[in-house]
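# What the coordinates show
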Amino acid sequence: MASAPFEYLAPSTFAEAIEALGEYGDAAVILAGGQSLVPMLNLRLVQPGIVIDINGVPNDGPVANGGWLTLPALTRHAEILSDPLVAVAAPMLVDAVHHVGNVRVRNRGTVGGSLAHADPTSEIGAAALCLGGEVVLTAASGSRTVPVDDLFVSYLTTSIAPGELLTELRLPALNGRSGVSFVEMVRRTSDFAIVAVAALVELEADASTVKRASVALSGVSDRPRLADSSLTDELIGQELPYARLRSLGAEIAARFEPPDDVHASASYRLRLIEVLTARALQQAMDRARS
Ligand SMILES: Cc1cc2nc3c(=O)[nH]c(=O)nc-3n(C[C@H](O)[C@H](O)[C@H](O)COP(=O)(O)OP(=O)(O)OC[C@H]3O[C@@H](n4cnc5c(N)ncnc54)[C@H](O)[C@@H]3O)c2cc1C
């Protein structure tokens, strides 16, 4: 099937793209990697008046500065896998992107497109949530910074307002006593996640007591979600609480009502949340110790 006809604009700066977004309003869509948008165009699920292709905007690549790693919206998934700055400052994102699609998807797909698309199974979404990331949304009137937790609203729906472009993802860099893990269940490599779990554990200076813990999940709801922090906060102050992880996984699972669909039943997903959460926390704790 071919897309409905549309106008095409290829700006060479984000400023030009934002100006066009302001001009065309709801009739415009942004084209980044096209890995989600192009299929939706071809299926006529989206019928924009104009496609604004931002691939001609220069991409300066990830930058680490002031305790933050900044990824421009056009950072390709493949760039995340090869960039030495990302490897050091956000290894969880690297682990997460290994699970995204196939080589073609990773070569074209962008971090901004993935977050703006807001697929509930998004690995990048779960990692950005778990790490406490934020996005910069820019409009003609200026920029605002939004925690990733406030970006995702529902299935394929974000809080990006008309006229706004997602220009950056910012992730707080990890300190030396942190460990991360990203695990997921798929039926075949490159499939969308049935359930994916991202975990972060930071230890105190004694390397045996938990200072901070965070878990985020995909495939469990209408959007990537943080686990209830009142549960993960129970780990704080405990001495390497390996024995607590399985029951914590079960308690975290009990806070979700995951979808029941052609890929997996809700009860199977609940079981995966329990097992994968415990596994991810254990691996994050092991890595933090070492
Ligand atoms: C075969 C296949 C397998 C895949 N597997 C996975 C997977 O396992 N996990 C996963 O998470 N994803 C998967 N994807 C999706 C992939 O990660 C996409 O790259 C991603 O969802 C969208 O990124 P994109 O850059 O291609 O965006 P596009 O497809 O160009 O755009 C997607 C949406 O975001 C909007 N948009 C894009 N950039 C911006 C911006 N900067 N500001 C505002 N709005 C913007 C567009 O208007 C559009 O609505 C898969 C895709 C395919 C085709």
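None of the values given here were measured: they were computed from a predicted structure.

### Considerations on the domain arrangement of the protein
One can read the domain layout of the protein as domain 1 (7-56), domain 2 (63-172) and domain 3 (178-289). Computed over C-alpha atoms only, the centres of domain 2 and domain 3 are separated by 20 Å. Listed by partner, the interface residues are 23 residues for domain 2 and 21 residues for domain 3. If you list the elements that add at least two residues to the side of domain 2 that touches domain 3, you get helix 5 (91-97), helix 8 (123-130) and strand 8 (152-154). The element contributing the most residues to the side of domain 2 that touches domain 3 is helix 8, with 6 residues.

### Side note on the site of the ligand
Neighbouring the ligand are 29 residues; Gly33, Gly101, Gly109, Gly112 and Gly113 lie closest to it. Among the residues forming the shell around the ligand, the class breakdown is 14 nonpolar, 12 polar and 3 charged. Inspection of the shell around the ligand shows a minimum of three residues originating in each of domain 1 (7-56) and domain 2 (63-172).

### Topic: the pairing of strand 6 (residues 134-139)
As defined by bridge partners, strand 6 adjoins strand 7 (residues 142-147) across 6 bridges and the pair is classed as antiparallel. Bridged to Glu134 within strand 7 is Pro147. Hairpin connection, strand 6 to strand 7: the antiparallel pair is bridged by 2 residues. Pairing between strand 6 and strand 10 (residues 165-172): 5 bridges, direction antiparallel.

Here is what the cut-offs are and how they apply
Residues numbered from 1 in each chain as written. Predicted model: local features only at pLDDT ≥ 70, side-chain atom pairs only at ≥ 80, totals over all residues. Domains from an automatic or database assignment. Contact = placed C-beta atoms within 7 Å. Helix = DSSP H or I, 4+ residues; strand = E, 2+ residues; numbered from the N terminus. Near = placed C-beta within 6 Å. Nonpolar A, V, L, I, M, F, W, Y, C, P; charged D, E, K, R; others polar. Pairing = 2+ DSSP bridges.

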